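What the coordinates show
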Protein chains: 2
Amino acid sequence: MKNRLGEIRKERGIKQDELAEILEVSRQTISSLENGKYNPSILLAFKIARYFNMSIEEIFIYEGEENGK
Amino acid sequence: MKNRLGEIRKERGIKQDELAEILEVSRQTISSLENGKYNPSILLAFKIARYFNMSIEEIFIYEGEENGK
DNA sequence: TTTAAAGGTAAAGTATACTTTACGTACATG
DNA sequence: CATGTACGTAAAGTATACTTTACCTTTAAA
C-alpha cells in the first residue's frame, strides 16, 4: 500500500515530530509510515485522515494484489 | 470503532463463510469483526470496502475518543 | 568548526490482528 | 429423533503495528 503522508505533511508545513505528538504516536511511527515500512492500523489511518481533513482513500492508496492480512 | 459489516453482508445475501473465502480471511475473522471483537487491518478494510463497492468510511465508523493504536 | 534541528533506522519488547482447531448453540428439514 | 447449515466463541500460535531507547547522517546556521 502506498501513501501520500509525507507529501501531505510537508504541504501543511508540519514536522514528523509535531504530527506524532498530535496523533499520539511516536515519531518513529510517522517516519516508518512515510517510508513504507508498514501500514497503519485503521484507527491511526482514521486519525491521520481526520487531522488532514481528508478521506482515508485520499491518503492511503490501495492497489490490490496485496498479500498481508 | 463501529462497523456495518454484518448489516451490509446480509443485505447482499452472502454468508460469513463465503465472504471469508472471497476476502481470503478465516470465517472467525469475519465473525469477530461483525461482533466488534477487534478492528480490521487497513488492508482488510480496503478489501472489504472494495468488495462491497463502498468507501471505508461508509462501512467503518470512527467516532474518535479511541485509545488503541 | 561546533551546535542544533530534522529525519532515518536498528534492536528488543508489547499489543493486537489474524490463523487453525475445535466445540457449542439454534434452527430447519429428513 | 437425526443430520446439516449458519453462526458464536475459546485457546494457542504467528504476523505485524507500534513503543522506547538510542545512535547516525545531513543541513543550516552561530
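Each remark here, short or long, concerns the structure printed above.
Just so it is clear, the structure is predicted and the values come from calculations on it, not from any experiment.

Thresholds applied
Residues numbered from 1 in each chain as written. Chains lettered and ligands numbered in written order. Predicted model: local features only at pLDDT ≥ 70, side-chain atom pairs only at ≥ 80, totals over all residues. Heavy atoms only, no water. Helix = DSSP H or I, 4+ residues; strand = E, 2+ residues; numbered from the N terminus. Buried < 20%, exposed > 50% of the residue type's maximum accessible area, 1.4 Å probe, protein only. Least-squares fit on C-alpha atoms with pLDDT ≥ 70 in both. Contact = heavy atoms within 4.5 Å. Buried area = accessible area lost by both parts, 1.4 Å probe. Salt bridge = Lys/Arg side-chain N within 4 Å of Asp/Glu carboxyl O. Polar contact = N/O pair within 3.5 Å; in protein donor to acceptor, adjacent residues only side chain to side chain. Nonpolar A, V, L, I, M, F, W, Y, C, P; charged D, E, K, R; others polar. Near = heavy atom within 4 Å. Core = buried A, V, L, I, M, F, W, Y, C linked by side-chain atoms within 4.5 Å.

The subject of this paragraph is unusual backbone geometry. Of note in this structure, asparagine 53 of chain A is not a glycine but carries a positive phi near 60 degrees. Topologically, asparagine 53 of chain A is positioned in the loop between helix H4 (42-52) and helix H5 (56-59). Classification of asparagine 53 of chain A by relative accessible area gives exposed; the value is 72%. Notably, glutamate 24 of chain B is not glycine yet its phi reads approximately 60 degrees, a positive angle. Its place among the elements puts glutamate 24 of chain B in the loop between helix H2 (16-23) and helix H3 (27-34).

The subject of this paragraph is the relation of the copies chain B and chain A. Rotating chain B by 180 degrees and translating it 0.0 Å along the rotation axis places it on chain A, where the RMSD comes to 0.0 Å. Both copies are brought into coincidence by an operation consistent with a two-fold rotation axis. Among all residues of chain B, the minimum C-alpha distance to the rotation axis is found for isoleucine 42 of chain B, at 2.4 Å.

This part covers the interface of chain B and chain A. Contacts between chain B and chain A engage 22 residues on the former and 22 residues on the latter. At the boundary of chain B with chain A, total buried surface from both sides reaches about 2,100 Å², with 64% on carbon and sulfur atoms. Of all residues in chain B, Ile42, Leu43 and Tyr62 of chain B give up the largest surface area on contact with chain A, accounting jointly for 33% of the area buried on that side. Applying the counting criterion to the chain B and chain A interface returns zero salt bridges. Taken together, chain B and chain A are joined by four residue pairs in polar contact (both at pLDDT 80 or more). Put simply, the parts of the chain that give the side of chain B that touches chain A at least two residues each are helix H4 (42-52) and helix H5 (56-59) of chain B. Looking at the side of chain B that touches chain A element by element, the count peaks at six residues for H4 of chain B. Of the residues that constitute the side of chain B that touches chain A, the class distribution is ten nonpolar, five polar and seven charged.

Around DNA strand C there are 20 residues in total, and Lys15 and Gln16 of chain A together with Ser26, Thr29 and Tyr38 of chain B lie nearest to it. Per the 4 Å cut-off to the protein, sugar and phosphate atoms form 63% of the nearby atoms of DNA strand C. At 2.5 Å, a side-chain N or O of glutamine 16 of chain A approaches a phosphate oxygen of DNA strand C. In the model, a base oxygen of DNA strand C is placed 2.9 Å from a nitrogen or oxygen of the arginine 27 of chain A side chain.

Let's shift gears to the side chain of serine 32 of chain B. Assignment of secondary structure puts serine 32 of chain B in helix H3. For serine 32 of chain B, the contacting residues outside a window of four places in its chain are Lys37 and Tyr38 of chain B.

Where a protein is soluble and globular, its nonpolar side chains tend to be buried together. Counting 44 residues, the largest nonpolar core has Ile48 and Ile56 of chain A together with Ile48 and Ile56 of chain B as the members making the most contacts within it. In this view, isoleucine 48 of chain B contacts Leu5, Leu23, Leu33, Ile59 and Phe60 of chain B; residues no more than four positions away in its chain are not counted.

Take the protein's contact with DNA strand D next. What surrounds DNA strand D is a group of 20 residues, the closest being Ser26, Thr29 and Tyr38 of chain A together with Lys15 and Gln16 of chain B. Here DNA strand D approaches the protein such that, of its atoms within 4 Å, sugar and phosphate make up 62%. Between DNA strand D and arginine 27 of chain B, the relevant distance is 2.9 Å, taken from a base oxygen to a side-chain nitrogen or oxygen of the residue. Elements that contribute at least two residues to the surface near DNA strand D include exactly helix H3 (27-34) of chain A together with H3 of chain B.

Worth remembering: the numbers are spatial, not functional.
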